[in-house]
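Next come the chains, spelled out residue by residue.
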Amino acid sequence: MIDNLAATAADLQSPALDETAAAAVDPLQTHFQDGVAPDEIEHVYHLKRAQPMLQAFTALFHGSQDGVIVRLLVLRELASDAMDSAFSRADINQKFAYLIPESLETVLGRLRSHGLLAWDNPAAVYRITPLARNVLAALDTLLALGKPEEDEAEMGFLLSQVAGAQAVGGVTVEQLKHLLGRLVELHEEFRDAIASGSEFRLRASQAKWHMACDWVEKGSVILRAITSDERADSATHRAAQAIGRAQSQLLNMQGMFSRALNQIERQRVHLGQSGLSTTDIKRWLLAHDDLASLAEDAIDRPVVPLFTTPAEMIDVAETELMMERVAAVAPTGLPSGEDAAMTINDNPAMQAELDDWIKRLSDFANLDNFPVMAEGAPRSVAIQESLLPASFAVASYRASLLPLLGDPAEANLQGPTAELARLPVRFDSADEMIALDDPHIAAISRATLSLNLDLPSTPESNTQDE
């Protein structure tokens, strides 16, 4: 019985013990999901193989920014002395006399413990390891080719890595993918700049585009060498071909930049005859860090009335001083009430004329008032029979309202003009003038008023006819 209980307890504890042992063996496992082994992931396998190199970078860049600068300073200073391959502690103390001994001792111990410096015990000297020289060479290349003011496209370092690897026959797909990714990012950046319509952003992107094209010309030679290399595998060939397509897309953006800038040039606004444009004003404003400083000494607070001379000011002051003023008595109560003035709201003469015109057209809308035409022909009257007799001003006002007849938009509104638009009368005109025997109107356009048989007569028209 006791043996069975012990066996059961061991079974219960064994999974936890196994997990603890696994975590102790590989601490990286704690970052992955259960059932996923880190060694099964390809990138983890390659990173583990490069563990010494990663430890070297950790030794240099782990910690504060000041500590990183001091470590790189010591390592680069020792590696730059190509004449001596070994350094005694006295030589190091003399070379770094500007550092305090405690900081120098800490840096040397860190570099030695991570394999960047080697201590030769029999000779009692320090030596720069090959790993340290490789790390410094990579950093020097990055620092030399990664200056934003010299390489705004940020392609120099990536392309140099591909060129160097190709020269020694060791270019990898990862290096090509890094270059491809940068080309895609530049294409998206230039496309967004063109879509923005901003002249300043377009010109900045165009300058970066020219720099990227310079790197593209240099990279084309390297890509031809990669694609013609029989030793390169299929993945390397595919990556090189993808880079070639991305480079072609970049080169084809010249026309897009030109069209966008030409469109902006056509829309440029010039300020009078000064020769300046809004772009010049914006560029001048952008050159000032503090725009508020431009208002200094521009106005006076308070404003000085320069239009008044001291003599006039003295005369006005004397007049005000000598004038006898009646002391104002403050009101002690509410003012007495007053009856509101009566007003008569007379309708404007134009409103009366509009009502009369609607009444006349409503009378024309009556079928009995249109002359009988031939069978099947619509009944119509000449326009002068409805407009006249009237003065020139009244006739012109009536004629200006005729286009509203049958207007569906106006008919859906409220008011006299909407009532006019709802009348079942159609207005037709022609490009021809006819002479009239009228004391006010010498000639009028040939036009007619006819019944609009598609619309029923309005109740208002029937009432007026009755």
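This text goes with the structure placed above it.
It should be emphasised that the depicted structure is a prediction, and the values quoted were computed from it without experimental measurement.

Rules of the game
- Residues numbered from 1 in each chain as written.
- Predicted model: local features only at pLDDT ≥ 70, side-chain atom pairs only at ≥ 80, totals over all residues.
- Heavy atoms only, no water.
- Helix = DSSP H or I, 4+ residues; strand = E, 2+ residues; numbered from the N terminus.
- Buried < 20%, exposed > 50% of the residue type's maximum accessible area, 1.4 Å probe, protein only.
- Contact = heavy atoms within 4.5 Å.
- Areas by Shrake-Rupley, 256 points an atom, 1.4 Å probe, with all protein chains shown as cover.
- Pairing = 2+ DSSP bridges.
- Axes fitted to C-alpha atoms, helices over the stretch in contact; angles between N-to-C directions.
- Parallel < 35°, antiparallel > 145°, perpendicular 65-115°, else oblique.
- Left-handed = near helix turned anticlockwise from the far one by under 90°.
- Patch = residues over 30% accessible without salt bridge, like charges linked within 9 Å, V, L, I, M, F, W, Y side chains within 5 Å.
- Salt bridge = Lys/Arg side-chain N within 4 Å of Asp/Glu carboxyl O.
- Lys, Arg positive; Asp, Glu negative; His and termini not counted.
- Charge placed at Lys NZ, Arg CZ, Asp CG, Glu CD.
- 1 Å grid on protein atoms, 1.4 Å probe; cavity = no way out; pocket = protein on both sides within 12 Å on 5 of 7 lines; lining within 4 Å.
- Points joined across faces, edges and corners; volume = space filled by probe spheres on them.
- Nonpolar A, V, L, I, M, F, W, Y, C, P; charged D, E, K, R; others polar.
- Phe/Tyr/Trp six-rings, centres within 6.5 Å; stacked < 30°, edge-to-face > 60°.

Colleague: Can you help me understand the overall build of the chain in this one?
Modeller: Within the chain one finds 20 helices and six strands. For the chain, buried positions account for 27% of its 466 residues. A separation threshold of at least 6 residues defines the contact pool for the chain, and within that pool the share at least 24 residues apart is 57%. Surface accessibility of the chain: about 31,700 Å² in total, with carbon and sulfur atoms responsible for 57%.

Colleague: Help me understand the pairing of strand E6 (residues 443–451) in this model?
Modeller: Residues in a regular strand point their side chains to alternate faces of the sheet. Pairing of strand E4 (residues 380–382) with E6, which is carried by three bridges, proceeds in the antiparallel orientation. What sits directly across from alanine 382, in E6, is threonine 448. Bridge count between strand E5 (residues 425–435) and E6: eight bridges; the pairing is antiparallel. Residue pairing across strands places serine 429 opposite alanine 447, the latter belonging to E6.

Colleague: What's the story with the packing of helix H9 (residues 173–196) against helix H11 (residues 234–251) in this structure? I'm lost.
Modeller: In a packed pair of helices, the relevant descriptors are the angle between the two axes and the axis-to-axis distance. Between H9 and H11, the least distance of the axes is 9 Å, while the angle of their chain directions is 20 degrees. Considering their axes alone, H9 and H11 lie roughly parallel with respect to each other. Handedness of the H9/H11 crossing: left-handed. Every residue of H11 that contacts H9 at Val173, Leu176, Leu179, Leu180, Leu183, Leu186, His187 and Phe190 is listed here: Ala235, Thr236, Ala239, Ala240, Ala242, Ile243, Ala246, Gln247, Gln249 and Leu250.

Colleague: Got a minute to help me understand a negative patch on the surface in this structure?
Modeller: A grouping of Asp289, Asp290, Glu296 and Asp297 is seen on the molecular surface, where their side chains present a negatively charged patch. Structurally, aspartate 290 can be placed in the loop between helix H13 (278–286) and helix H14 (310–322). Overall, aspartate 290 belongs to the partly exposed group, its relative accessible area being 43%.

Colleague: When you look at the layout of surface pockets in this model, what are you seeing that I'm missing?
Modeller: Where empty space is left in the structure can be found by rolling a water-sized probe over the atoms. Taken as a whole, the largest pocket holds about 790 Å³ of empty space. Met53, Phe57, Gln161, Gln175 and His178 are the residues nearest the centre of the largest pocket, which is lined by 22 residues in total. Elements supplying a minimum of two residues to the lining of the largest pocket: helix H2 (42–49), helix H3 (51–61), helix H7 (130–145), helix H8 (156–167) and H9. When the residues that make up the lining of the largest pocket are grouped by side-chain class, the tally is twelve nonpolar, seven polar and three charged.

Colleague: For this particular structure, what's the right way to read the sheet that holds strand E3 (residues 125–128)?
Modeller: Strand pairing in a sheet takes place through backbone hydrogen bonds and is either antiparallel or parallel in direction. Taken together, the three strands give an open sheet; going across it, the order is E1-E3-E2, and neighbouring strands pair in antiparallel fashion. Edge positions in the sheet fall to strand E1 (86–87) and strand E2 (117–120), since each of these pairs with one other strand and no more. Sheet topology note: the E1/E3 ladder contains two bridges and is antiparallel. Residue alanine 86 lies in a different strand from E3, and its bridge partner there is arginine 127.

Colleague: I would appreciate a short explanation of the packing of H9 against helix H10 (residues 199–227) in the present structure.
Modeller: Their axes nearest at 11 Å, the elements H9 and H10 cross at an angle of 155 degrees. Of the possible angle classes, the one that applies to H9 and H10 is roughly antiparallel. When you trace H9 past H10, the crossing you get is left-handed. Each of Leu176, Leu186, Glu189, Phe190, Asp192, Ala193, Ile194 and Ser196 in H9 lies in contact with H10, whose residues at this interface are Arg201, Leu202, Ser205, Lys208, Trp209, Ala212 and Ile226. A class-by-class count of the residues in the contact of H9 with H10 yields nine nonpolar, two polar and four charged.

Colleague: What exactly am I supposed to notice about a nonpolar patch on the surface here?
Modeller: Together, Val269, Leu271, Leu276, Ile281, Trp284, Leu285, Leu291 and Leu294 give the surface a local cluster of nonpolar side chains, amounting to about 660 Å² of exposed area. Counting through the fold element by element, leucine 294 comes out in the loop between H13 and H14.

Colleague: Is there a simple way to think about the packing of aromatic side chains in this case?
Modeller: In this description, an aromatic ring pair is defined by two values, namely the gap between the centres and the angle between the planes. All chains considered together, the criterion is met by five aromatic pairs. Measuring from centroid to centroid gives 5.9 Å for phenylalanine 190 and phenylalanine 257, while their planes differ by 65 degrees, and the two rings are edge-to-face. In this pair, phenylalanine 190 is assigned in helix H9 and phenylalanine 257 in helix H12 (residues 254–266), connecting sequence segments 67 residues apart. By relative accessible area, which is 0% here, phenylalanine 190 ends up buried. A residue is classified by how much of its surface remains accessible, and phenylalanine 257, at 0% relative accessible area, is buried. Taken together, the aromatic side chains of Phe190, Trp209 and Phe257 make up a single cluster linked through ring pairs.

Colleague: Before we go on, may I ask you to explain the sheet that holds E5 in this structure?
Modeller: Read from one edge of the open sheet, three strands run E4-E6-E5, paired in antiparallel fashion. This sheet does not close on itself; its edge strands, each paired only once, are E4 and E5. This sheet shows a mean twist of 20 degrees between the axes of neighbouring strands, independent of strand direction.

Bear in mind that shape data such as this cannot, by itself, settle questions of function.
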